[in-house]
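Per-entry structural report
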Amino acid sequence: MAEYFANVTWRRGDDPFLGQRYHRRHTWRFDGGAEVPASASPHVVRAPWSAPDAVDPEEAFVASLSSCHMLFFLSFAARAGFVVDAYEDDAVGVVGKTAAGKEAVVSVTLKPRVTWRDRAPSADELAALHHEAHEHCYIANSVTTDVRVAPR
């Protein structure tokens, strides 16, 4: 079993708090030393109370799913004898209403584009690699969001 840690820090500063007129910019810090500027999504909280140049939780959720899928995919491709030169994913998450009427990220579509070295897998082999990566992805296994893979 492994544990993962994140430190999330927000400070009000001189902003008023009541009336929702406070900034949502905050910082994510991780145990390896990485710091990420974060904020509420500008789709949810308009600027200047959000920071469009920072990562929002919804974007991070989509990126986490994409990154986890990619890492397993690369491992399974290597194990199968395929050499990957590049992997790029233009993943998209959609916020909507659940059956219970709550707002949630209801779907994430991963759109990976893979560049192969000498030999590319067949369409069936590629589908199997993506299926195996999806089945093993910790993040995808941790959520109820419909996660789809649509290779390009």
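None of these values were measured; they are calculated from a predicted model.

Calculation notes
Residues numbered from 1 in each chain as written. Predicted model: local features only at pLDDT ≥ 70, side-chain atom pairs only at ≥ 80, totals over all residues. Heavy atoms only, no water. Pairing = 2+ DSSP bridges. Helix = DSSP H or I, 4+ residues; strand = E, 2+ residues; numbered from the N terminus. Axes fitted to C-alpha atoms, helices over the stretch in contact; angles between N-to-C directions. Contact = heavy atoms within 4.5 Å. Salt bridge = Lys/Arg side-chain N within 4 Å of Asp/Glu carboxyl O. Buried < 20%, exposed > 50% of the residue type's maximum accessible area, 1.4 Å probe, protein only. Expected span 1.5 Å × (residues − 1). Polar contact = N/O pair within 3.5 Å; in protein donor to acceptor, adjacent residues only side chain to side chain. Arc of directions from axis to C-beta. pLDDT = per-residue confidence, 0-100.

Backbone-to-backbone hydrogen bonds pair the strands of a sheet. The strands run either parallel or antiparallel. The sheet built from three strands is open, its strands ordered 5-6-8 with mixed pairing. The open sheet is flanked by strand 5 (92-97) and strand 8 (146-149), the only strands paired with a single partner. Going from strand to strand, the sheet's axes swing by 20° on average, the running direction of each strand aside. In the sheet, strand 5 pairs with strand 6 (residues 103-110) via six bridges, with the strands oriented antiparallel. Along strand 6, the bridge assignment pairs Val 95 with Val 105. Packed onto the sheet, helix 1 (residues 57-79) meets strand 5, strand 6 and strand 8 and runs at close to 35° relative to strand 6.

Okay, the pattern of salt bridges next. On inspection of all chains with the given rule, the structure shows five salt bridges. For Arg 25, the salt bridge identified is with Asp 53, shortest N-O distance 2.6 Å. You can see Arg 25 sitting in the loop between strand 1 (6-9) and strand 2 (26-30) and its partner Asp 53 sitting in the loop between strand 3 (35-38) and helix 1, a full 28 residues away along the chain. The exposure class of Arg 25 is partly exposed, given its relative accessible area of 34%. The exposed category is assigned to Asp 53, whose relative accessible area is 63%. In this structure, Asp 146 and Arg 148 form a salt bridge, with 2.7 Å as the shortest nitrogen-oxygen distance. Accessibility expressed as a relative area gives 34% for Asp 146, which makes it partly exposed.

This paragraph deals with helix 1. With 23 residues, helix 1 should cover 33 Å at 1.5 Å per step; its first-to-last C-alpha distance of 33 Å lies within 8% of that length. Between a side-chain oxygen at the N-terminus of helix 1 and the backbone nitrogen of Glu 58 the separation is 3.1 Å; the capping residue is Asp 56. Downstream of helix 1 by one or two residues, Gly 81 has phi in the positive range, about 90°.

You can see His 69 is positioned in helix 1. In contact with His 69, not counting residues within four places along its chain, are Tyr 87, Leu 110, His 130, Ala 133, His 134, Cys 137 and Val 149.

The next thing to look at is helix 2 (residues 123-136). Between the first and last C-alpha of helix 2 there are 20 Å, a value that for 14 residues agrees with the 20 Å anticipated at 1.5 Å per step. Those residues of helix 2 not exposed but buried are Leu 129, His 130 and Ala 133. Summarising the axial view, the buried residues of helix 2 lie within an arc of 90°, below the 170-degree limit, and thus occupy one face. Exposed and oriented more than 90 degrees from the buried face of helix 2 are Asp 124 and His 131. Next to the buried residues of helix 2 lie helix 1, strand 4 (84-89), strand 7 (112-116) and strand 8.

Let's shift gears to the confidence of the model for the protein. Summary statistics for the protein give a mean pLDDT of 95 and a share of 100% for residues scoring 70 or more. Mean pLDDT values for the elements of the protein range from 88 in strand 8 up to 98 in strand 4.

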